[in-house]
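Given next are the chains, with one letter for each unit.
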Amino acid sequence: SAAAAAAAVGAELRALWAWDTLACLAFCGLCLASESDAFGSLRMRDVPVQEVELGTGETAYLIDLYLGWPYLSSAEQRCPAWLLVLLVTLVPALALVSGLAWRRRRGDAKAFAHGYLIALGCTNLATNAAKRYCGYLRPYFYDECGFDAAAGACADDPADARKSFPSGHASMSMCALLYASLYLLGKVNMAKPRVVVLRSAGAGVGSSGDGEGAAIAGGGGGGGGAVVEVTNALVLAALLPAGVAGWIAASRVADNDHHPADVVGGALLGGSFAMLWYGRYYPSIYSARSDEPGILPHPAAAAVAAVDAEAEDRALIGSFYGAAV
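Since the structure is predicted, the reported quantities are computational estimates derived from the model, not experimental observations. (Residues numbered from 1 in each chain as written. Predicted model: local features only at pLDDT ≥ 70, side-chain atom pairs only at ≥ 80, totals over all residues. Heavy atoms only, no water.)

Asks: I tried to follow unusual backbone geometry on my own but got confused; where do I start?
Replies: The general pattern is negative phi for most residues beyond glycine and trans for most peptide bonds. Each neighbour pair has its own omega, and for Phe165 with Pro166 the value is -10°, a cis peptide bond. In this structure, Pro166 sits in the loop between β4 (153-154) and α6 (168-188). In this structure, Asn189 is a non-glycine residue whose phi angle is positive, near 60°. If you trace the backbone, Asn189 turns up in the loop between α6 and β5 (195-198). The exposure class assigned to Asn189 is buried, which follows from its relative accessible area of 1%. (Helix = DSSP H or I, 4+ residues; strand = E, 2+ residues; numbered from the N terminus. Buried < 20%, exposed > 50% of the residue type's maximum accessible area, 1.4 Å probe, protein only.)

Laid out in structure tokens, this is it:
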């Protein structure tokens, strides 16, 4: 029943609050604090300006036009900082709740949270370390530093103007949202085609979790009706979070906040950690059991989960065809 399913999802979420989850949360928090100077000094590149003596005896200063774009405050950007924080927390949380409601597995919530927190922490730590090590100038460097064309020098030298590579928006969004997409793709379970059964004579619409249901329909068992495979549609829907991450990354170039290489580097960095830590806790998205966490709370839970999964699949198929399978 719906009440029993909601209670089961609630139990999974309550199981999150254990010492190992708190340890992952503490690790993530420490990594998110890595913008402190204690984690490394910022490389100070020379301001790119060339002094030229004109024929009139006057001095002119040439600048790098790639660094001369206008500065946009966070509030003026397509994806301000508050929106980034909202998306990287809310979207994965919604993905987890949706996955638990659709195909709950033992230890699912804890595995998801552990992988997500560690991946996000690693991404932030690596991003900030690279920013400080490279000290690459942003496309709006001259505007933010208040460059004086007459004096050929900056009036100010904000540290943020020297943190272009890699893009933090691109790395963090790709890490969190690709992780959410991988989780949803695991729930889709591409190894088992998903079908919708359009029942005849107004009997309603049913859905089956795997290819076995399609085989039964094709064999004439049950009340008949058209069978429509929806696997591809579900895969595309599962990729939506990753698509949002792509939009965030592209917006950084559109706002002249980063160079294209900054965005590509950030996306590769965040995406790599997402795949690494998702693979640590879940099987391949192409596996027949892709919707089951690879690490369960207790060794005996693996056998229990396998029995639960088989019973769920058979009960689901049988309910659509009016017979026990």
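Asks: What exactly am I supposed to notice about the packing of aromatic side chains here?
Replies: Remark: the centre distance and the inter-plane angle together describe each pair of aromatic rings, the angle taken between the planes. Going through the model one piece at a time under the given rule, you end up with ten aromatic pairs. Ring geometry for Phe112 and Tyr179: centres 5.2 Å apart, planes at 70°, overall edge-to-face. Placement of the pair is Phe112 in helix α4 (residues 108-134) and Tyr179 in helix α6, with a sequence separation of 67 residues. Across this residue pair, the class does not change: Phe112 and Tyr179 are buried. With centroids separated by 4.8 Å and ring planes inclined at 75°, the aromatic side chains of Phe112 and Tyr183 adopt a geometry described as edge-to-face. (Phe/Tyr/Trp six-rings, centres within 6.5 Å; stacked < 30°, edge-to-face > 60°.)

Asks: Is there a simple way to explain the pattern of salt bridges in this structure?
Replies: Pairing is possible between side chains that carry opposite charge, provided their charged atoms lie close to one another. Under the criterion given, the structure shown has nine salt bridges. Across the pair Arg105 and Asp291 runs a salt bridge whose closest N-O atoms are separated by 3.0 Å. Taken together, the residues span a long stretch of sequence, with Arg105 in the loop between α3 (81-102) and α4 and Asp291 in the loop between α10 (260-281) and α11 (301-321) at a distance of 186 residues. Here Arg289 ties to Glu292 by a salt bridge, and the two come within 3.6 Å at their closest N and O atoms. Residue classification places Arg289 among the partly exposed positions, given a relative accessible area of 28%. (Salt bridge = Lys/Arg side-chain N within 4 Å of Asp/Glu carboxyl O.)

Asks: Is there a simple way to think about a nonpolar patch on the surface in this case?
Replies: A surface patch of nonpolar side chains, amounting to about 430 Å² of accessible area, comprises Trp82, Leu86, Leu90 and Leu94. Residue class for Leu86 comes out partly exposed when judged on its relative accessible area of 39%. (Patch = residues over 30% accessible without salt bridge, like charges linked within 9 Å, V, L, I, M, F, W, Y side chains within 5 Å. Areas by Shrake-Rupley, 256 points an atom, 1.4 Å probe, with all protein chains shown as cover.)

Asks: What's the story with helix α2 (residues 19-32) in this structure? I'm lost.
Replies: In an α-helix, one full turn covers 3.6 residues, which means residues spaced three or four apart are oriented alike. With 14 residues, α2 extends 20 Å from end C-alpha to end C-alpha; this agrees with the ideal 20 Å at 1.5 Å per step. Turning to α2, its buried residues are Thr21, Cys24, Cys28 and Cys31. Summarising the axial view, the buried residues of α2 lie within an arc of 85°, below the 170-degree limit, and thus occupy one face. Among the exposed residues of α2, those pointing more than 90 degrees away from its buried face are Trp19 and Leu30. Contact partners of the buried residues in α2: α4. (Expected span 1.5 Å × (residues − 1). Arc of directions from axis to C-beta. Contact = heavy atoms within 4.5 Å.)

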